[in-house]
Amino acid sequence: MTILVTGGAGFIGSNFVLDWLAESDETLVNLDKLTYAGNLANLAELEGDPRHVFVRGDLGDRDLLDQILATHQPRAVINFAAESHVDRSIHGPEDFIQTNIIGTFRLLESVRHWWAALPAERHRAFRLLHVSTDEVYGSLAPNDGPFTETNPYEPNSPYSASKAAGDHLVRAWYHTYGLPVLTTHCSNNYGPYHFPEKLIPLVIVNALAGKPLPIYGDGQQIRDWLYVKDHCSAIRRVLAAGQLGEVYNVGGWNEKPNIDIVHTVCTLLDELHPRSDSKSYKDQITYVTDRPGHDRRYAIDARKLERDLGWRPAETFETGIRKTVQWYLDHPDWVSNVQSGAYREWVDQNYKQRSV
Ligand code: NAD
Ligand code: DAU
């Protein structure tokens, strides 16, 4: 038995691959383009492991997809591959359209043609799980209930619009062609191997480097945080038991304003790795110009996943964030390796133009 994972060298994908192979001996084929966000160092412990087959390639390459499916005959495909950073989508939306829309389309078409010719038993058992985001639902007002699976789509950034378009294609391929799909919408993840362009890892690495901790706008925007390994366990659960064509929200009921997140990280660093001058890392907090179109609040109602499939997160925010900060302190080589020239160029591009 084999599964195919796309984007398995990125943050969530690599956590998923590591957890999958820690729990099962089923071969996993990992298709990843290795963009700036893909990093084989995340998977270093799998070197030489015959259960992990890595293929460098683009989700949009139909011939390659056809070849992988024909060669490896997976029983399931899990689509993580995406351009994922909202700020980058504002600076340059083109890659988001190519991967999140065209790439998803090519994957659906390749899988559809291959799946149609499978023998009856394998045709019936096959699943395609598409990993989406809560951002497609738009932004909540302070007193709104959390997003449910029936919330209308109201994406506000090029990133979320491209993810929304990909989700619509997945839905249409189920209704029109009967492709056996499942879709998940998760809230903000955090944990090991998170690329330091995103808030939590950026704050940890900037704090340790003595740099400013940039807070967009007033810092009162709310995100709903989930430890990455809980997202991975939810995906495994949906793949194993989800109803075909259904959508599942994934979240851990951890709504927090950004400024509280940054304070929590600083407090943990003060305890685990105090500054040499004994002052708090909070002194490095700097308010900067806001993100255009910045969504004010996300919150996920994950009751369907709990009620129908019995999934619950294992970590609280307090346990997960402590593990995360400790992981970054324990992996200085990983941190310095990802801060390449390209990373520094991005930091310059994104932060130089923001006034303090
Ligand atoms: P990431 O940016 O860390 O990783 C994306 C991976 O996809 C990288 O390894 C990259 O090389 C690969 N990739 C990009 N374009 C590709 C292409 N054209 N062909 C093949 N591979 C390609 O992203 P992430 O944070 O791990 O997110 C994974 C998925 O989960 C995405 O679909 C994202 O929308 C979704 N998601 C993320 C979060 C979050 O908080 N990070 C929350 C909910 C949903
Ligand atoms: O909600 C799920 C989404 O979460 C995923 O679909 C995306 O792929 C993922 O990147 C994430 O999107 P966000 O935009 O919420 O994540 P980010 O870490 O970029 O920002 C989190 C919040 O922190 C957001 O309100 C913007 C703010 N922020 C971010 C950065 C990088 C800052 O205040 N300062 C910063 O320097």
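See above for the structure.
Residues numbered from 1 in each chain as written. Chains lettered and ligands numbered in written order. Predicted model: local features only at pLDDT ≥ 70, side-chain atom pairs only at ≥ 80, totals over all residues. Heavy atoms only, no water.

Participant: Even after reading the chapter, I still don't get the nonpolar core, so can you show me in this structure?
Facilitator: Taken as a class, soluble globular proteins show a tendency for nonpolar side chains to be buried jointly. Among the nonpolar cores identified, the biggest contains 68 residues, and Phe16 and Ile78 are the most heavily contacted of them. Counting 23 residues, the second-largest nonpolar core is a separate cluster that includes Leu59, Val170, Leu179 and Val181. (Core = buried A, V, L, I, M, F, W, Y, C linked by side-chain atoms within 4.5 Å. Buried < 20%, exposed > 50% of the residue type's maximum accessible area, 1.4 Å probe, protein only.)

Participant: Please clarify how unusual backbone geometry should be interpreted in this entry.
Facilitator: Most peptide bonds take the trans configuration, and most residues that are not glycine carry a negative phi. For Gln73, which is not glycine, the phi dihedral falls at a positive 50°. Mapped onto the elements of the fold, Gln73 is located in the loop between helix H2 (62-72) and strand E4 (76-79). Its relative accessible area of 31% is what places Gln73 among the partly exposed residues. The phi torsion at Tyr193 lies on the positive side, around 65°, for a residue other than glycine. Within the secondary structure, Tyr193 is located in the loop between strand E7 (188-190) and helix H7 (199-208). (Helix = DSSP H or I, 4+ residues; strand = E, 2+ residues; numbered from the N terminus.)

Participant: Help me understand the packing of helix H4 (residues 94-116) against helix H6 (residues 158-177) in this model?
Facilitator: Each packed pair of helices is defined by two parameters, the angle between the axes and the distance between the axes. Viewed as axis vectors pointing N to C, H4 and H6 meet at an angle of 15°, and their least axial separation amounts to 8 Å. The angle between H4 and H6 places the two elements in the roughly parallel class. Along this stretch, H4 crosses H6, giving a crossing that reads as right-handed. Across from Phe96, Asn100, Ile101, Thr104, Phe105, Leu108, Glu109, Arg112 and Trp115 in H4, the residues of H6 making contact are Tyr159, Ser162, Lys163, Ala165, Gly166, Leu169, Val170, Trp173 and Tyr177. (Axes fitted to C-alpha atoms, helices over the stretch in contact; angles between N-to-C directions. Parallel < 35°, antiparallel > 145°, perpendicular 65-115°, else oblique. Left-handed = near helix turned anticlockwise from the far one by under 90°. Contact = heavy atoms within 4.5 Å.)

Participant: Before we go on, may I ask you to explain the packing of aromatic side chains in this structure?
Facilitator: Each pair of aromatic rings is reported with the distance of its centres and the angle of its planes. This structure, assessed with the given rule, holds 20 aromatic pairs. A ring pair is formed by Trp114 and Phe126, whose centres lie 5.4 Å apart and whose planes are at 75°; its orientation type is edge-to-face. Of this pair, Trp114 sits in helix H4 while Phe126 sits in the loop between helix H5 (120-125) and strand E5 (127-133), placing them 12 residues apart in sequence. Of the residues examined, Phe126 reaches a relative accessible area of 1% and is grouped as buried. A centroid spacing of 5.6 Å and a plane angle of 65° characterise the contact between Tyr190 and Tyr227, whose relative ring orientation is edge-to-face. Taken together, the residues Tyr190 in strand E7 and Tyr227 in strand E9 (residues 222-227) connect sequence positions 37 residues apart. Residue classification places Tyr190 among the buried residues on the basis of a relative accessible area of 1%. (Phe/Tyr/Trp six-rings, centres within 6.5 Å; stacked < 30°, edge-to-face > 60°.)

Participant: How should I be thinking about the site of ligand 2 in this particular structure?
Facilitator: Contacts to ligand 2 come from 23 residues, most closely from Asp134, Tyr159, Arg291, His294 and Tyr351. In this structure, an oxygen atom belonging to ligand 2 sits 2.7 Å away from a side-chain N or O atom of Asn188. One of the side-chain nitrogen or oxygen atoms of Arg291 is found 2.6 Å away from an oxygen atom of ligand 2. Burial of ligand 2 by the protein amounts to 94% of the accessible area it has alone, namely 690 Å². When contributions to the shell around ligand 2 are tallied by element, the ones reaching two or more residues are H7 and strand E8 (213-216). For the shell around ligand 2, the element with the most residues is E8, which contributes 3 residues. The class makeup of the residues in the shell around ligand 2 is 9 nonpolar, 8 polar and 6 charged. (Near = heavy atom within 4 Å. Polar contact = N/O pair within 3.5 Å; in protein donor to acceptor, adjacent residues only side chain to side chain. Areas by Shrake-Rupley, 256 points an atom, 1.4 Å probe, with all protein chains shown as cover. Nonpolar A, V, L, I, M, F, W, Y, C, P; charged D, E, K, R; others polar.)

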